[in-house]
Amino acid sequence: MAMFILLTAGQADHVRGPSTRVPSAALEPVEHQGGVFILGVDVLADPAHEAHWAYLAALPQMDSGDPEFPQTIEP
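The structure contained in this document is the topic of the report that follows.

### What to know about the overall build of the protein chain
Looking only at helices and strands, the protein chain features two helices and six strands. In sequence order, the protein chain lays out its α and β elements as β-α-β-β-β-β-α-β. Rg of the C-alpha trace for the protein chain: 12 Å, near the compact-globule value of 11 Å for 75 residues, within the 12% margin. For the protein chain, the C-alpha atoms occupy an extent of roughly 35 × 25 × 20 Å along the three principal directions. Of the contacts made within the protein chain by residues no fewer than 6 positions apart, 65% connect residues no fewer than 24 positions apart. Roughly 4,700 Å² of accessible area belongs to the protein chain as shown, and the carbon and sulfur atoms make up 57% of that amount.

Here is the structure:
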């Protein structure tokens, strides 16, 4: 299963937007149920997002196969 970083709305706002190193790259956290936002952990190895590595690495991570993983919001 895939690993994700879990963020609050405020944390998502803090990291959302274009990269300062690679203009074509951006962080776009995805909203899930209960106000939880997620980003794939692969952003922690992407040099385009190095400015956020320490901040994001300190946030909780969860495997999408975990029964407690937040489910997507119904459209």
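Anyway, onward from the coordinates.
### Some remarks on the pairing of strand β1 (residues 3-7)
Of the strand pairs in this sheet, β1 and strand β6 (residues 61-63) are connected by three bridges, and their pairing is antiparallel. In the strand pairing of β6, I5 is matched with Q61.

### Some thoughts on the sheet that holds strand β4 (residues 30-32)
On the basis of which strands lie adjacent, the open sheet formed by four strands has the order β4-β5-β1-β6 and antiparallel pairing. A single partner strand is all that each edge strand has here, and the edge strands are β4 and β6. When the angles between neighbouring strand axes are averaged without regard to direction, this sheet yields 40°.

### Let's talk about the pattern of salt bridges
Following the criterion strictly, the structure yields two salt bridges and no others. Between D13 and R16 there is a salt bridge; the shortest N-O distance is 2.6 Å. For R16, a relative accessible area of 32% translates into the label partly exposed. Residue R21 pairs with E50 through a salt bridge whose shortest N-O separation is 2.5 Å. One end of the pair, R21, is in the loop between β2 (17-18) and β3 (26-27); the other, E50, is in the loop between β5 (36-40) and α2 (53-57), and 29 residues separate them in sequence.

### Regarding the nonpolar core
With ten residues, the main nonpolar core is built from I5, L7, A12, V15, L27, F37, L39, V43, L56 and L59. Elements with a contribution of two residues or more to this core: β1, α1 (9-15) and β5. Setting aside residues no more than four positions away along its own chain, A12 makes contact with L7, P29 and F37.

Cut-offs used in this document
- Residues numbered from 1 in each chain as written.
- Predicted model: local features only at pLDDT ≥ 70, side-chain atom pairs only at ≥ 80, totals over all residues.
- Heavy atoms only, no water.
- Helix = DSSP H or I, 4+ residues; strand = E, 2+ residues; numbered from the N terminus.
- Rg over C-alpha atoms; globule rule 2.2 N^0.38 Å.
- Contact = heavy atoms within 4.5 Å.
- Areas by Shrake-Rupley, 256 points an atom, 1.4 Å probe, with all protein chains shown as cover.
- Pairing = 2+ DSSP bridges.
- Axes fitted to C-alpha atoms, helices over the stretch in contact; angles between N-to-C directions.
- Salt bridge = Lys/Arg side-chain N within 4 Å of Asp/Glu carboxyl O.
- Buried < 20%, exposed > 50% of the residue type's maximum accessible area, 1.4 Å probe, protein only.
- Core = buried A, V, L, I, M, F, W, Y, C linked by side-chain atoms within 4.5 Å.

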